[in-house]
Amino acid sequence: MLKNKFFPLLILVSVLLSLISYLLNLYSDWLFFDETGFSSVFTTTLYAKTGAGLLFGGLLFLFVQINLHVANRAQFPLSGMHLLGAGNLGINRDQAVRLCKPVSMLVSFVLALLAGNLGAMKWKDLLFFANRLTVGTVDPLIGKDVGFYLFSLPLLDAVKGVSGFIILAAAALATAVYYVRGGILLTERGVAIDEKVRRHLAVLVGIFACAVAAGFYLDSFKLLYADNGAFYGAGYVDVNSRLLTYRVLTFLTPLAGAMLAIGIWKGVWRMALLAPAIVVALYMLGIRVYPGVLQKFKVAPNEMALETPYIMNNITATRFGYDLEKIETVPFDVDTKLTAADIANNDATIKNIRLWDHAPLLKTYSQLQQIRTYYKFFDVDNDRYMVNGRYSQVMLSPRELSYADLPSKNWINERLIFTHGNGITFGPVSRISKEGLPEFFVKDIPAVSLADIKVSRPEIYYGELSNEYVIVKTNVPEFSYPTATGNITTTYAGTGGVPMDSLLKKALFAAKFRTEKILLSSDITKESRILYNRNINERIRTIAPFLHFDSDPYLVVDQKGRLKWIIDAYTHSTRLPYSRPLKGGINYIRNSVKTVVDAYDGSVDFYISDPDDVILKVHGRIFPKLFKPMAEMPGDLRKHVRYPHHLLQIQAAMFATYHMTDPKVFYNKENLWEIPVLGDKAMEPYYTIMKLPGEKAEEYILLLPFTPSKRDNLAAWLTARCDEPQYGKIRAYTFPRDRLIYGPKQIDARINQDSFISQQLTLWSQRGSEAIRGSLLVIPIEKSLLYVQPLFLAADKAGLPELKRVIVAFGDQLVMEENLELALQRIFGGKKAAPAATSGVSADTQASPATLAKEAVSIYEKAITLQRQGNWAAYGEELRSLEQILKKMAR
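Here the structure is a predicted model, which is why all the values come from computation and not from measurement.

## Quick look at the overall build of the protein
And step 1. Counting secondary structure elements, the protein contains 26 helices and 36 strands.
And step 2. Considering only C-alpha atoms, the protein reaches an extent of 120 × 80 × 55 Å along its principal axes.
And step 3. Looking at the protein as a whole, 51% of its 891 residues qualify as buried.
And step 4. On the protein, roughly 40600 Å² of surface is accessible, and the fraction owed to carbon and sulfur atoms is 58%.
And step 5. The averaged location of the 83 negative side-chain charges in the protein is 7 Å from the averaged location of its 99 positive side-chain charges.

## Quick notes on the packing of aromatic side chains
And step 1. Within the structure shown, the criterion is met by 41 aromatic pairs.
And step 2. Here the aromatic rings of tyrosine 365 and phenylalanine 440 are separated by 5.8 Å at their centres, their planes lie at 35°, and the arrangement is tilted. With tyrosine 365 in helix α12 (residues 358-369) and phenylalanine 440 in the loop between β10 (424-428) and β11 (442-443), this residue pair connects regions lying 75 residues apart in the sequence.
And step 3. For phenylalanine 440, a relative accessible area of 14% puts it in the buried group.
And step 4. For the pair tyrosine 658 and phenylalanine 666, a centre-to-centre distance of 5.1 Å together with 45° between the ring planes defines the contact as tilted.
And step 5. For tyrosine 658, a relative accessible area of 1% gives the class buried.
And step 6. Judged by its relative accessible area of 2%, phenylalanine 666 falls in the buried class.
And step 7. Members of the aromatic cluster, each reached through a chain of ring pairs, are Trp30, Phe32, Phe33, Phe42, Tyr469, Phe509, Phe513 and Tyr532.
And step 8. Looking at arginine 642, its charged tip hangs above the ring of tyrosine 554, at a distance of 3.9 Å from the centre.
And step 9. Of note, arginine 750 hangs over the ring of tyrosine 742, and the distance from its end group to the ring centre comes to 4.9 Å.

## Quick look at the sheet that holds strand β18 (residues 529-531)
And step 1. Taken in spatial order, the 3 strands of this open sheet run β14-β18-β17, and their pairing is antiparallel. A strand with exactly one partner marks an edge of an open sheet, and here the two such strands are β14 (470-472) and β17 (498-499).
And step 2. Here 3 bridges tie β14 to β18, and the two strands are oriented antiparallel to one another. Within the sheet, the bridge partner assigned to isoleucine 471 lies in β18 and is isoleucine 530.

## Section: α12
And step 1. In a regular helix each residue adds 1.5 Å, so 12 residues correspond to 16 Å; α12 covers 15 Å between its end C-alpha atoms and thus fits that length.
And step 2. Buried within α12 we find Pro360, Leu361, Thr364, Tyr365 and Gln369. Each buried residue of α12 lies within a common arc of 135° when the element is viewed along its axis, so the set occupies one face.

## Digging into the confidence of the model for the protein
And step 1. Mean pLDDT over the protein stands at 89; residues scoring 70 or higher make up 93%.
And step 2. Confidence scores differ between elements of the protein, with helix α24 (residues 839-845) showing the lowest mean pLDDT of 38 and strand β21 (residues 563-573) the highest of 98.
And step 3. Between residues 831-845, whose pLDDT stays under 50, and residues either more than four places distant or in other chains, the model counts 34 contacts.

## What about the pattern of salt bridges?
And step 1. One pass over the structure, following the stated rule, counts 33 salt bridges.
And step 2. As a salt-bridge pair, aspartate 323 and lysine 326 come within 3.5 Å of each other at their nearest N and O atoms.
And step 3. For aspartate 323, a relative accessible area of 19% translates into the label buried.
And step 4. Relative accessible area serves as the criterion here: at 33%, lysine 326 is assigned to the partly exposed category.
And step 5. Between arginine 431 and glutamate 439 there is a salt bridge, with its nearest N and O atoms 2.9 Å apart.
And step 6. By relative accessible area, arginine 431 is classed as partly exposed at 34%.
And step 7. Overall, glutamate 439 belongs to the buried group, its relative accessible area being 15%.
And step 8. Taken together, the shared-partner salt bridges in this structure form one network comprising Glu328, Glu695, Glu699, Arg721 and Arg731.

## Digging into the nonpolar core
And step 1. Ranked by size, the top nonpolar core spans 116 residues in total, and within it Phe706, Leu718, Leu785, Leu786, Tyr787, Val808 and Leu820 carry the most contacts.
And step 2. Broken down by element, the residue count for this core peaks at 8 residues, all from helix α19 (residues 645-658).
And step 3. Ignoring any residue separated from it by four or fewer positions in sequence, one finds leucine 786 in contact with Leu338, Ile343, Ile350, Leu777, Val778, Ile779, Ile781, Val808, Ala809, Phe810, Leu824 and Phe828.
And step 4. With 93 residues, the next largest nonpolar core counts Leu555, Val556, Trp565 and Ile567 among its residues.

## Overview of the side chain of asparagine 535
And step 1. Its place among the elements puts asparagine 535 in the loop between β18 and α16 (536-543).
And step 2. Of note is the side chain of asparagine 535, whose polar atom sits 3.0 Å from the backbone nitrogen of asparagine 537.

## So, unusual backbone geometry
And step 1. Residue proline 446 follows isoleucine 445 across a cis peptide bond; omega there is -10°.
And step 2. Along the polypeptide, proline 446 turns up in the loop between β11 and β12 (448-449).
And step 3. You will see that aspartate 444, though not glycine, has its phi angle at about 65°, which is positive.
And step 4. Take aspartate 444: it is sitting in the loop between β11 and β12.
And step 5. Positive phi is not limited to glycine here, since lysine 669 has a value of about 55°.
And step 6. With respect to the helices and strands, the residue lysine 669 is situated in the loop between α20 (663-668) and β25 (673-674).

## A short note on the pairing of strand β22 (residues 588-598)
And step 1. Of all 11 residues making up β22, 11 are buried, and the element is well covered by its neighbours.
And step 2. Inspection of the sheet shows β21 paired to β22 by 9 bridges, in the antiparallel sense. From the neighbouring strand, threonine 571 faces β22, where its bridge partner is arginine 590.
And step 3. Of the pairings in the sheet, the one linking β22 to strand β23 (residues 604-608) comprises 5 bridges and is antiparallel in character. Bridge assignment links lysine 594 to a residue of β23, and that residue is tyrosine 607.
And step 4. Between β22 and β23, which follow one another and run antiparallel, lie 5 residues, and glycine 602 among them has a positive phi close to 75°.

## So, helix α6 (residues 195-222)
And step 1. Compared with the 40 Å implied by 1.5 Å per residue over 28 residues, the 41 Å span of α6 between its first and last C-alpha is a close match.
And step 2. Put simply, aspartate 194 is the residue that caps the front of α6, since its side-chain oxygen is 2.9 Å from the backbone nitrogen of lysine 196.

## Things to note about the packing of helix α4 (residues 123-130) against helix α5 (residues 146-181)
And step 1. Contact geometry of α4 with α5 gives a least axis separation of 8 Å together with a crossing angle of 130°. With respect to α5, the element α4 is oriented oblique. You can see that α4 and α5 cross each other, and the crossing is left-handed. Here α4 contributes Asp125, Leu126, Phe128 and Phe129 to the contact with α5, which in turn contributes Leu150, Phe151, Ser152, Pro154 and Leu155.
And step 2. Class assignment for the residues of the contact of α4 with α5 results in 7 nonpolar, 1 polar and 1 charged.

## Quick word on the environment of phenylalanine 61
And step 1. Secondary-structure assignment places phenylalanine 61 in helix α2 (residues 39-73).
And step 2. The exposure class of phenylalanine 61 is partly exposed, given its relative accessible area of 29%.
And step 3. Between the alpha carbons of phenylalanine 61 and glycine 116 there is a distance of 9.8 Å; along the sequence they are 55 residues apart.

Parameters and conventions
- Residues numbered from 1 in each chain as written.
- Predicted model: local features only at pLDDT ≥ 70, side-chain atom pairs only at ≥ 80, totals over all residues.
- Heavy atoms only, no water.
- Helix = DSSP H or I, 4+ residues; strand = E, 2+ residues; numbered from the N terminus.
- Buried < 20%, exposed > 50% of the residue type's maximum accessible area, 1.4 Å probe, protein only.
- Areas by Shrake-Rupley, 256 points an atom, 1.4 Å probe, with all protein chains shown as cover.
- Lys, Arg positive; Asp, Glu negative; His and termini not counted.
- Charge placed at Lys NZ, Arg CZ, Asp CG, Glu CD.
- Phe/Tyr/Trp six-rings, centres within 6.5 Å; stacked < 30°, edge-to-face > 60°.
- Lys NZ or Arg CZ within 6 Å of the ring centre and 35° of its normal.
- Pairing = 2+ DSSP bridges.
- Expected span 1.5 Å × (residues − 1).
- Arc of directions from axis to C-beta.
- pLDDT = per-residue confidence, 0-100.
- Contact = heavy atoms within 4.5 Å.
- Salt bridge = Lys/Arg side-chain N within 4 Å of Asp/Glu carboxyl O.
- Core = buried A, V, L, I, M, F, W, Y, C linked by side-chain atoms within 4.5 Å.
- Polar contact = N/O pair within 3.5 Å; in protein donor to acceptor, adjacent residues only side chain to side chain.
- Axes fitted to C-alpha atoms, helices over the stretch in contact; angles between N-to-C directions.
- Parallel < 35°, antiparallel > 145°, perpendicular 65-115°, else oblique.
- Left-handed = near helix turned anticlockwise from the far one by under 90°.
- Nonpolar A, V, L, I, M, F, W, Y, C, P; charged D, E, K, R; others polar.

Structure below.
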């Protein structure tokens, strides 16, 4: 008896605890949205989830209760419940009937909760439907506006699915009630069903047939997403068999359902089963059998002729879906007439060729600038700045705090003292020291600036490594940075976080983060603030989960010296008719939003970068206070907006096929391109500063080459422009098809086959050293192409990578030198007008013979020492350096 009372109490306690946990999370989310200034987004989303949940759950509960009411009112002249071959079941009928109502009520309530939860997950579909817009373009097959597919069809699909579930749930529960009340009996002769039960079930069958017909109607739209092998979207077979069948089934199924219902109502089973049998046969014939016959005997022998209009639909839709229509195709008549004068005239391009690869540079930054073990460089970002009056491409990495590497882990250290990272490492992409190490514009803690880039607020409270929560403005000073004489502390002066100004909030966050220390700590005052959702990726996804955010945020130093994160955000859909999908099903994508997060106070701004995107327009109607016009972004930040690497990669993958706009050429794949593959990895787009053909000044661009399908020579190169006012414009420069233009894989093979280079690589790879070949870059200059690849040397896999050589290829020439300037001098002759890319070597080129002689003696002595130590790799390196000095002396 005690157990019977304890079990309901346990359920009640579990429900109450779940409810309290939900309310705590809801309130903490509200505080977060209120802190960031997006409370309207929170309320709109909450209302939509609640409304969708109540709509779906309420419909199920209401429909089920109506059917249960009908079932419970029915009276059947039976004295007990009988099972087949078992006589009377040992359950009193009156007791079972009394339990029937509360049990069925409980079950229907649970089902309503499940339906409500499913409905709440469809909140975005509901808002899209309520705020839908027309695109102004109709699909070429059914004639619906594209907006129907983007904004209405998702909700209609959800409603259809839930409707079927509601009807089946009502039928199952009503059947169970009828069985308990004696309306359905299992006898030795079979199942005996009372007339009242048959009539009730007949009505449900008729309603369910209408839901099935609605499913057939919606399935006809899904033909526009079909994969037909050579192309995507409805093809000849779909249009001439499946579409017609779905339309017939849409009208025939309700009639068949009505006949089935009448048959069940009257108890005429042959009549009842004939109609659905016809529907099933028609479905199998028109959807499964006949399309296969039509494809084999009519389409396959005449595929190109019959499928041409549908291929054209696929080409048009895919180019729209990935915004390929804006790509301007320009012929590029490449030659090998580049001269030393041309190199000098493109000085800014040469000095901004990226020699430092991200992976080796990240290791080098970590060893040279990490300062303490609890700091970590997570990533290296590529950007451009005006540095000392020069337009320069730079590499930048934030120095974040790694909680996993704290020397002493406890709650006070992790939550009150070590609260933030500190500063950045910032340097040019091509300049190196004598030792082969990167140069810096900004370095160390506190930040030391060697250029006119100043960091006035170096603290990083919000970043890519920031995790969980910290509490600032407490009685415990925050750790700022270490010095030789001791640690420097600081106190947070920003507006980020939620004030801990009441006992209720302390209790709330103590419960949320499951620690009593927040509630009991005497170090937390009314002035204290709790910072949570500090990981910038989680922060922006919490605010705008309906956007897809780029996986590579990058840090920017604004004019005031504050650190700001810029993250590209995308709108996308899987519902664009005829468009070829990506791996995840997405077939429409736009980079419509630029997100900015302040690294110090966590403030977030969403700026509209593509006002023509129809999906963003609908989001703007749903959340009118979320987005700001791009004109409101500060000018110093707009200078750092760049075309997303991820987006161009997607567009390039599609453009490799969909640059062919003639259906016959597309079908035969006559001019199919590929993204070059080096080793086992496809090349990725890379940023560089260069002067585009026909332009007067250098600009920051994103570049990626193409090769013909299954060939290694170059076919074209794709470039996206990043600087205003040309931002977002994309050009494809196509090469002549009547002569060979070396591709990256061919240049890579030539490097491997060069006896001197391969000998040096073998020598450097001995005795634990590791030679690392960097990215092979294709750099267009004037009407010619330069191929540049840096070469790094590390003592071992965990060693400090040093940039030791630069390999340059031009035409049939291939050289490897200490730096880019020497390599260009060897190829083009004469003296390059531009300053050297390597600070140490540039000084040497202007040095007197006496200075060069002293350096030669120094290198010789070092080489002899290395020879005695048996370090042959380093010995060979010093001999190579000595050779270069002697050549300079000879000149």
